[in-house]
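Fold and contact review
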Amino acid sequence: MTTMTENASGLREFKMPDVGEGLTEAEILKWYVQVGDTVTDGQVVCEVETAKAAVELPIPYDGVVSELRFPEGTTVDVGQVIITVDVSGGTASAPAAPAAAQAPVAPPAPVAAAPVAAPEEEAKPAGRKPVLVGYGVAESSTKRRPRKGAEVPAQQSETLYAATAIQGELNGHGSAVRERPLAKPPVRKLAKDLGVDLATVTPSGPDGIITREDVHAAAAPAQAPAPVAAPAPAAQAPVRVQPQAPAPAASYDGARETRIPVKGVRKATATAMVGSAFTAPHVTEFVTVDVTRTMRLVEELKQDKDMQGLRVNPLLLIAKALLVAIKRNPDVNASWDEANQEIVQKHYVNLGIAAATPRGLIVPNIKDAHTKTLPQLAESLGELVATAREGKTSPAAMQGGTVTITNVGVFGVDTGTPILNPGESAILAVGAIKLQPWVHKGKVKPRQVTTLALSFDHRLVDGALGSQVLADTAAVLEQPKRLITWA
């Protein structure tokens, strides 16, 4: 997608790019420049938040900021102009006089023989018209372009135009020349739910935009039923029909309630979780395991010279244990292709780590985690966590995951039933590691114990395979020497 355009006056328009794969919108978090500031090629001008991450946008040319199209906090569609830069340096010359003014005017041809402009030329607006986001949308896009060289007689053009309008009415779209009311998607949904025709609503917003208040105002008279007088038989006394009281409207206490718009990472997470929960049939299995030996190994690795400067914690060895289990059971590392009705087996492991951030839950992944040594895995985990906490995780880091780990134990939680990350086959939840009484070598002793929960997609992972993966992971954590014997 082209992210910049230039006009004759030396102004370049920079459009909101698609900073991820298939993203349709982004919220402007912060502007780093103001109107009148000088910018250079590659300079970061703003920070935006997509459904996946916060990203800084650099400007691709030199010039002076002429206009910031949207304030901070605005959600902008991909492809909309967000900033205009003057690249002329103040040397742009005045536009030349139109050449048509100097050309001799040909005598008018007879009316019956004159070709008529195509329908879309007749309906072309004289100037650009403001819409919800940006300017310049054509007033109508429903008419077809005539074939090259074809001329339509005036009478036939009028007949075609009228037929198009009538067909639009028959299809329920209104007249072909009827202007579509301006309203944001949530307002359109509200109008639909209340049964309000937006064409009948008087807008009060800027540039003729219909607001939620306008819709409620239009719906209020319709929701209050008028009293109905029932005709009484001549031989009986008249009966008065009591009007039904209107349903009370939903009320909100602004002093004690806060309404937070759902957008950015939270919106993406909600969509993904609903899609996963109601698409993939989830099965969750649990196992409680003695990880005392693993905890001892963690302490020993912290003193190892090869691990100096690296973050060593139980999550590191749990991740390595899961990778070993996947190597022993490779069929679990797959995804379901609904369109082609195929199971796609992955010969690589991009290990996702669920991370809670101020902007919401994100799941970046370690690419090719199965090829990494323990020190390399520790380094990758450290970088992943640090980047997520700073809010600098890139969209690419959150794409292509195959299996995920979520560590709910850091909150003191024993276990949970995790929901699959869309497109993945399994997710392992790790509970809190606690000192508990445990039968060890025939005696009850205090041991470090945790509970693991594995959720998997039952379309491609049956019970036996899922159970084996969970059992192998637990076996490695119970006897860490299996990291050597099984790897």
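Okay, so let's go over this structure. Note that this is a predicted model, so its numbers are computed, not measured.

Rules behind the numbers
Residues numbered from 1 in each chain as written. Predicted model: local features only at pLDDT ≥ 70, side-chain atom pairs only at ≥ 80, totals over all residues. Heavy atoms only, no water. Helix = DSSP H or I, 4+ residues; strand = E, 2+ residues; numbered from the N terminus. Buried < 20%, exposed > 50% of the residue type's maximum accessible area, 1.4 Å probe, protein only. Contact = heavy atoms within 4.5 Å. Areas by Shrake-Rupley, 256 points an atom, 1.4 Å probe, with all protein chains shown as cover. Axes fitted to C-alpha atoms, helices over the stretch in contact; angles between N-to-C directions. Parallel < 35°, antiparallel > 145°, perpendicular 65-115°, else oblique. Left-handed = near helix turned anticlockwise from the far one by under 90°. Nonpolar A, V, L, I, M, F, W, Y, C, P; charged D, E, K, R; others polar. Patch = residues over 30% accessible without salt bridge, like charges linked within 9 Å, V, L, I, M, F, W, Y side chains within 5 Å. Salt bridge = Lys/Arg side-chain N within 4 Å of Asp/Glu carboxyl O. Lys, Arg positive; Asp, Glu negative; His and termini not counted. Charge placed at Lys NZ, Arg CZ, Asp CG, Glu CD. Phe/Tyr/Trp six-rings, centres within 6.5 Å; stacked < 30°, edge-to-face > 60°. Lys NZ or Arg CZ within 6 Å of the ring centre and 35° of its normal. Pairing = 2+ DSSP bridges. Core = buried A, V, L, I, M, F, W, Y, C linked by side-chain atoms within 4.5 Å.

The helix and strand inventory of the chain stands at 10 helices and 22 strands. Counting only residues that meet the buried cut, the chain has 34% of its 487 residues in that class. Across the chain, every contact between residues at least 6 apart in sequence was considered, and the portion connecting residues at least 24 apart equals 59%. Put simply, the chain shows about 29,200 Å² of open surface, and 55% of that area lies on carbon and sulfur atoms.

Moving on to the packing of helix α7 (residues 314-328) against helix α8 (residues 374-389). Close contact between α7 and α8 brings their axes to 10 Å; oriented N to C, the two are set at 120°. With respect to α8, the axis of α7 lies oblique. Like other packed secondary-structure pairs, α7 and α8 cross with a definite hand, here right-handed. Contacts between α7 and α8 involve L316, L317, A319, K320 and L323 from the former and L374, L377, A378 and L381 from the latter. Looking at side-chain class alone, the contact of α7 with α8 contains 8 nonpolar, no polar and 1 charged residues.

This part takes up the side chain of T393. As for its placement among the helices and strands, T393 is situated in the loop between α8 and β19 (403-407). With residues up to four places along the chain from it excluded, the contact list for T393 reads A53, A54, I362, P364, T387, A388 and M398.

Together, R296, K441, K443 and K445 give the surface a local cluster of positive charge. Assignment of secondary structure puts K443 in strand β22 (residues 443-457). Take K443: its relative accessible area is 57%, and that puts it in the exposed class.

Tallied over the full model, the rule gives 0 aromatic pairs. For the cation-ring pair, R328 lies above W486, with the distance from its terminal atom to the ring centre recorded as 3.7 Å.

Moving on to helix α6 (residues 292-302). Each turn of an α-helix holds 3.6 residues, which means side chains three or four residues apart point in the same direction. Buried within α6 we find T292, T294, V298 and L301. Those residues of α6 that are buried lie in contact with β12 (282-290), α7, α8, β22 and α9 (463-478).

Another point: the sheet that holds strand β3 (residues 25-31). Reading across from one edge, β6-β5-β3-β8 is the order of the 4 strands in this open sheet, with antiparallel pairing throughout. Each of the sheet's edge strands pairs with one partner strand only, and the pair in question is β6 (54-58) and β8 (75-77). Sheet twist, expressed as the average angle between the axes of neighbouring strands with direction ignored, equals 40°.

Another aspect to go through is the nonpolar core. Of all hydrophobic cores here, the largest spans 46 residues; its most connected members are L316, L322, L351, I405, L428 and L452. Secondary-structure elements contributing two or more residues to this core are α6, α7, β15 (351-353), α8, β19, β20 (426-430), β22 and α9. The element contributing the most residues to this core is α7, with 11 residues. If sequence neighbours within four positions are ignored, L428 has contacts with I318, L322, T404, I405, T406, L452, A453, L454, L470 and T473. If you look at the next biggest cluster of nonpolar residues, it comprises 22 residues, including W31, L68, V76 and I83.

Further remarks concern the pattern of salt bridges. One pass over the structure, following the stated rule, counts 10 salt bridges. A salt bridge links K392 to E47, with the shortest nitrogen-to-oxygen separation between them at 4.0 Å. Note that K392 is positioned in the loop between α8 and β19 and E47 in strand β5 (residues 44-49), a separation of 345 residues in sequence. We classify E47 as buried; its relative accessible area is 11%. Among the ionic pairs, D472 bridges to R328, the shortest N-O distance being 3.2 Å. Here D472 is found in helix α9, whereas its partner R328 is found in helix α7, with 144 residues between them in sequence. By relative accessible area, D472 is classed as buried at 4%. Its relative accessible area of 39% is what places R328 among the partly exposed residues. One continuous salt-bridge network, built from bridges that share partners, spans E13, E67 and R69.

That is the geometry; function is a separate question.
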